[in-house]
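An overview of the molecular structure
Below are the chains, spelled out letter by letter.
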Amino acid sequence: MQAPHKEHLYKLLVIGDLGVGKTSIIKRYVHQNFSSHYRATIGVDFALKVLHWDPETVVRLQLWDIAGQERFGNMTRVYYREAMGAFIVFDVTRPATFEAVAKWKNDLDSKLTLPNGKPVSVVLLANKCDQGKDVLMNNGLKMDQFCKEHGFVGWFETSAKENINIDEASRCLVKHILANECDLMESIEPDIVKPHLASPKVVSCSSCAKS
Amino acid sequence: MTFPVKMADSLPSEFDVIVIGTGLPESIFAAACSRSGQRVLHVDSRSYYGGNWASFSFSGLLSWIKEYQENTDVVVESSTWQEQILENEEAIALSRKNKTIQNVEVFCYASQNLHEDIEETGALQKSHASVTSANSAEAVEPNCLPPEPNCLPREDESLSPLSCEVPAEQIPGSDTEIALEVNDAEVTRKREKRSEDKTSEEETTKNTSIAEDTTEQPKKNRITYSQIIKEGRKFNIDLVSKLLYSRGLLIDLLIKSNVSRYAEFKNITRILSFREGIVEQVPCSRADVFNNKQLTVVEKRMLMKFLTFCMEYEEHPEEYKAYENVTFSEFLKTQKLTPNLQYFVLHSIAMTSETTSSTIDGLKATKNFLHCLGRYGNTPFLFPLYGQGELPQCFCRMCAVFGGIYCLRHSIQCLVVDKESGKCKAIIDQFGQRINSKHFLVEDSYFSENTCSHVQYRQISRAVLITDRSVLKPNSDQQISILTVPGEEPETFSVRVIELCSSTMTCMKGTYLVHLTCTSFKTAREDLEPVVQKLFIPYTEMEIESEEVEKPRILWALYFNMRDSSEVGRNCYNDLPPNVYVCSGPDCGLGNDNAVKQAETIFQQIFPSEDFCPPPPNPEDIVLDEDSSHPEASESSVMPKPNSETPKETTSLGNLEESSE
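The following refers to the structure shown. These figures come from a predicted structure and were not determined experimentally.

Here the focus is the sheet that holds strand β1 (residues 17-20) of chain B. Residues and elements named next belong to chain B. Ordered in space as β12-β2-β1-β16-β23, the 5 strands form an open sheet in which the pairing is parallel. The open sheet is flanked by β12 (405-407) and β23 (580-583), the only strands paired with a single partner. Adjacent strand axes in the sheet meet at a mean angle of 15° when their direction is disregarded. Examined bridge by bridge, strand β16 (residues 439-443) and β23 share 4 bridges and lie parallel to one another. Across the sheet, the residue bridging to Phe-440 is Val-580, located in β23. Sheet strands touched by helix α15 (residues 390-401): β2 (40-43) and β12. Its angle to β12, the strand with the most contacts, is close to 130°.

Next comes the structure, spelled out in structure tokens:
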């Protein structure tokens, strides 16, 4: 295997109401397992996932769960600080958790911006899609509209239990972050030549293909 | 901050420890309890973390000021708790109003352009708008750029008059041209406006030189009030102004508990002294002493010799035994030190009082100062990036990670005491929910007047200034300085001045944030204004052209008094049950040892056999790689890592994360 010559480390937040499956998603994504008996992660700040994005690029993702503060949405600044992206999760079987999505998004945008002042990329996850019978999902267009209105870069129906779409959602988010980051570099230092930036390894990401 | 009321019903009603208040000692205690497996509920009646230890954005601080200036009674219509108290129980009502802040006064000197209706970028109200523009790649704020490596102290050897005279203008070179144009436009607009304003006496005399001035010199960065508002999120303004001794208890605890991974620090770069109207840099390390240009060779030798003695003074009792009963300043007079050096040692290194500190106190303080030198940098002190208010939150995060539950904006109406055992068994919150626990830690300000009727409090006088340049012309524009100004009258206290630059992430570029602190004698303004007037001048529309006025100008100033409950003993409070513990608000001292000691003492009382904040498992250990054989981070990694937003010389304690990668 060729030695990767770019490595990215991103902090990602996983946000949403109590019991929507945030921790299950993280566990599924990072540890490849799912436990329905799962209570709370004790003593762990974040889980690390290493992606070999392409032959030249390694992406390390720190997935930050929101610990015991979640009930009241009172996260410390430590949690938000320097995050590059987020998943906001709701439970398709509980409409109230979807109603909270916009609030979580506003809260996030008020507390976290990229260094250039823009909001971070956020992907919306409609979790527990394996449990079918949802009220919201049968209208994908509505969801697209909702995402556009609220500034989500995309949405996915996911299931931590059945391992549906979690990798895809993560790829979508990482793609946007990589793309944003190129903007970021350019907008910050237009005149500075960075020798090691020379390789034209720009990840193209205009839209995000959903499965 | 989002959904206060709705989910209160989901709060469990059984805990091991309930902590009321999210200041530093409470947060350390909560983290320690949670870490050792206790079920912790941690509440604060305010909407933010930290209580009187908090830091605020500029708009956040304005709301805080409003709250105390208006002195409004927050009448939360809460359900009555009286009926919940059973026959064999008593209640200790808690205070419903915070009385720890007084004499709040605000002065704005920066020009307020009333025609501009500017609000904070990224403020909550605007968040929707900013979201919708997210994908259209528009409106990049040139001034919102992150601090880049180029705002590191430059090696600006050239002592050209320009670079010295206009420190506020030293926006990092790579700042876009747009930014400069904006400033330029601002200047022009202001100049036009000025002609309509009533002119101050200086201004009339300087008026002629204004045009010249602005054409000949590059654009100057004049900060207006609306800019401060607009860049409000760049500010993190501390209510208490402290530093961390690099070998103090808090640093040790941060490292031991690995809470250090949540925080980043900068070294204080300069120790200053103020003598006979002149601000000077105090040489304190060996390198400083040798590089100092003010001291004579003889003085350098004297100072080195004396400091070397202080490092190991205990081994040479013959040198100081005879002076044990006199003050440190008397002792210094007997040493081979010029008055200049005596002043440095007394006020800037030992930072002790001229009239009250004994020889031993002074030697001890000097030794401690020297001991802390060099661990992370050239001075003994560290300052947390984003402000002191980060520190309680770091411990709260650790508590939460171990299962602690957090409720801000949650007031507690009363403690419920069992008559028979005399112990506290529950609290009743604002919703009337009764929550049981075994132990209770309550911060002083939550007690009602009934509980505190015999308590004598001291006060801390505080001032916060936003200024346009440093008190001592820096050779680089990013300096963090501490300066002690001795009290003028015998009965007044010395004033501690801490000046922060924008790379501490506590103020916007082109400004300095200055904190003044002393033990109160009168109101904060009466105590501190004399020092403020010596070091600064109020901002006027007058041109910088009058370079003989070297003082930094104040754009905005705030004064207030804060209650100091740190000296209050537990038995000063009336009728406290044995399982209700008290901790104090911030003390006036420079370090944070008092907070750590309180938390640790109470923790050891309750859990004598438990370790206090042992290191948690490292999350990096729980890596699941796609394929296990991937090489280490290559040298050429180009993209910013999560912490690359912060300037490079940030001190990361222990480097625990790195070592595990």
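Another point: helix α13 (residues 339-349) of chain B. Residues and elements named next belong to chain B. Counting buried positions along α13 yields 10 of 11 residues, so the element is predominantly enclosed. Every buried residue of α13 is accounted for by Asn-340, Leu-341, Gln-342, Tyr-343, Phe-344, Val-345, Leu-346, His-347, Ser-348 and Ile-349. In the core, the buried residues of α13 are packed alongside β9 (270-275), β10 (278-281), α10 (297-311), α12 (328-334), α14 (359-372) and β18 (481-485). Downstream of α13 by one or two residues, Met-351 has phi in the positive range, about 50°.

Residue and element names in this part refer to chain B. Relative to the 20 Å expected for 14 residues at 1.5 Å per residue, α14 spans 20 Å between its end C-alpha atoms, a close match to the ideal helical length. Three or more residues of α14 are buried, namely Thr-359, Gly-362, Leu-363, Thr-366, Phe-369, Leu-370 and Cys-372. Downstream of α14 by a residue or two, Gly-374 has a phi angle that is positive, lying close to 85°.

Turning to the sheet that holds strand β8 (residues 265-267) of chain B, a few remarks are in order. All names here are of chain B. Sheet architecture is open: 3 strands sit in the order β7-β11-β8, paired in antiparallel fashion. Sheet topology places β7 (244-245) and β8 at the edges, where each strand pairs with a single neighbour. In this sheet, strand β11 (residues 381-384) lies alongside β7 in antiparallel orientation, the contact comprising 2 bridges. Along β11, the bridge assignment pairs Leu-244 with Leu-382.

The next subject is the packing of helix α1 (residues 24-35) of chain B against helix α17 (residues 593-606) of chain B. Between two packed helices, what matters for the description is the angle formed by their axes and the separation of those axes. Residue and element names in this part refer to chain B. Where α1 meets α17, the closest approach of the two axes is 8 Å, and the angle between their N-to-C directions is 40°. Classified by the interaxial angle, the pair formed by α1 and α17 is oblique. Crossing handedness for the pair α1 and α17: right-handed. Between α1 and α17, the residues in contact are Leu-24, Pro-25, Ile-28, Phe-29, Ala-32 and Cys-33 and Ala-595, Val-596, Gln-598, Ala-599, Ile-602, Phe-603 and Ile-606, respectively. Residue composition of the contact of α1 with α17, grouped by class: 12 nonpolar, 1 polar and no charged.

On to the environment of B:Glu420. Tracing the sequence through the fold places B:Glu420 in the loop between β13 (412-418) and β14 (424-429). Measuring from C-alpha to C-alpha, the distance between B:Glu420 and B:Val282 comes to 61 Å, with 138 residues separating the pair along the chain.

You can see A:Arg81 is positioned in the loop between α2 (77-80) and β4 (85-91). Using a relative accessible area of 12% as the deciding quantity, one classes A:Arg81 as buried. A distance of 2.8 Å separates the side chain of A:Arg81 from the backbone oxygen of B:Tyr262, its partner in a polar contact. Beyond its immediate chain neighbours, meaning those up to four positions away, A:Arg81 contacts A:Lys11, B:Tyr262, B:Ala263, B:Glu264, B:Tyr386 and B:Glu390.

Take the pattern of salt bridges next. As a working rule, side chains carrying opposite charge can pair if their charged atoms are close by. Residues and elements named next belong to chain A. Applying the stated rule across the entire model yields 30 salt bridges over all chains. One salt bridge connects Arg-94 with Asp-91, and the closest N-O pair in it is separated by 3.2 Å. Residue Arg-94 is classed as partly exposed on the basis of its relative accessible area of 33%. Taking the relative accessible area as the measure of exposure, Asp-91 reaches 2% and is therefore buried.

Another point: the pairing of strand β1 (residues 6-16) of chain A. All names here are of chain A. Burial analysis of β1 places 11 of its 11 residues in the buried class, which makes it a mostly covered element. The two faces of β1 match: Lys-6, His-8, Tyr-10, Leu-12, Val-14 and Gly-16 on one face and Glu-7, Leu-9, Lys-11, Leu-13 and Ile-15 on the other face are all buried. One ladder, built from 8 bridges, connects β1 with strand β3 (residues 57-64); its direction is parallel. Its bridge partner being in β3, Leu-13 is matched across the sheet by Trp-64. Both β1 and β4 contribute to a ladder of 5 bridges, which runs parallel. By the bridge assignment for β4, Ile-15 is matched with Ile-88.

All chains considered together, the criterion is met by 25 aromatic pairs over all chains. An angle of 45° between the planes, with centres 6.5 Å apart, marks the rings of B:Phe306 and B:Phe331 as tilted. Here the residue B:Phe306 occupies a position in helix α10, and B:Phe331 occupies one in helix α12, the gap between them amounting to 25 residues. Taking the relative accessible area as the measure of exposure, B:Phe331 reaches 0% and is therefore buried. Positioned above the aromatic ring of A:Trp64, the side-chain terminus of A:Lys11 is 3.8 Å from the ring centre. The ring centre of A:Phe152 lies 5.7 Å from the NZ or CZ of A:Lys105, which sits over that ring.

Now for the nonpolar core. In terms of nonpolar packing, the biggest core is built from 176 residues, with A:Leu13, A:Phe87, A:Leu124, B:Phe29 and B:Trp64 touching the most fellow members. Among the elements that line this core, the one with the most residues is α15(B), at 8 residues. What A:Leu13 contacts, discounting residues up to four positions off in sequence, is A:Trp64, A:Tyr79, A:Tyr80, A:Ala83, A:Gly85, A:Ala86, A:Phe87, A:Leu108 and A:Leu112. With 27 residues, the next largest nonpolar core counts B:Leu11, B:Ile92, B:Phe440 and B:Val580 among its residues.

With that out of the way, let us pick up the state of the cysteines. Residue and element names in this part refer to chain B. Scanning all chains against the criterion turns up 0 disulfides over all chains. Summary of cysteine pairing: Cys-396 is not part of a disulfide, and the nearest cysteine sulfur, belonging to Cys-399, is at 6.9 Å. According to the relative accessible area criterion, Cys-396 is buried, its value standing at 0%. Cysteine Cys-507 remains unbridged, with the sulfur of Cys-501 as its closest cysteine sulfur at 6.8 Å.

Calculation criteria
- Residues numbered from 1 in each chain as written.
- Chains lettered and ligands numbered in written order.
- Predicted model: local features only at pLDDT ≥ 70, side-chain atom pairs only at ≥ 80, totals over all residues.
- Heavy atoms only, no water.
- Pairing = 2+ DSSP bridges.
- Helix = DSSP H or I, 4+ residues; strand = E, 2+ residues; numbered from the N terminus.
- Axes fitted to C-alpha atoms, helices over the stretch in contact; angles between N-to-C directions.
- Contact = heavy atoms within 4.5 Å.
- Buried < 20%, exposed > 50% of the residue type's maximum accessible area, 1.4 Å probe, protein only.
- Expected span 1.5 Å × (residues − 1).
- Parallel < 35°, antiparallel > 145°, perpendicular 65-115°, else oblique.
- Left-handed = near helix turned anticlockwise from the far one by under 90°.
- Nonpolar A, V, L, I, M, F, W, Y, C, P; charged D, E, K, R; others polar.
- Polar contact = N/O pair within 3.5 Å; in protein donor to acceptor, adjacent residues only side chain to side chain.
- Salt bridge = Lys/Arg side-chain N within 4 Å of Asp/Glu carboxyl O.
- Phe/Tyr/Trp six-rings, centres within 6.5 Å; stacked < 30°, edge-to-face > 60°.
- Lys NZ or Arg CZ within 6 Å of the ring centre and 35° of its normal.
- Core = buried A, V, L, I, M, F, W, Y, C linked by side-chain atoms within 4.5 Å.
- Disulfide = S-S within 2.5 Å.

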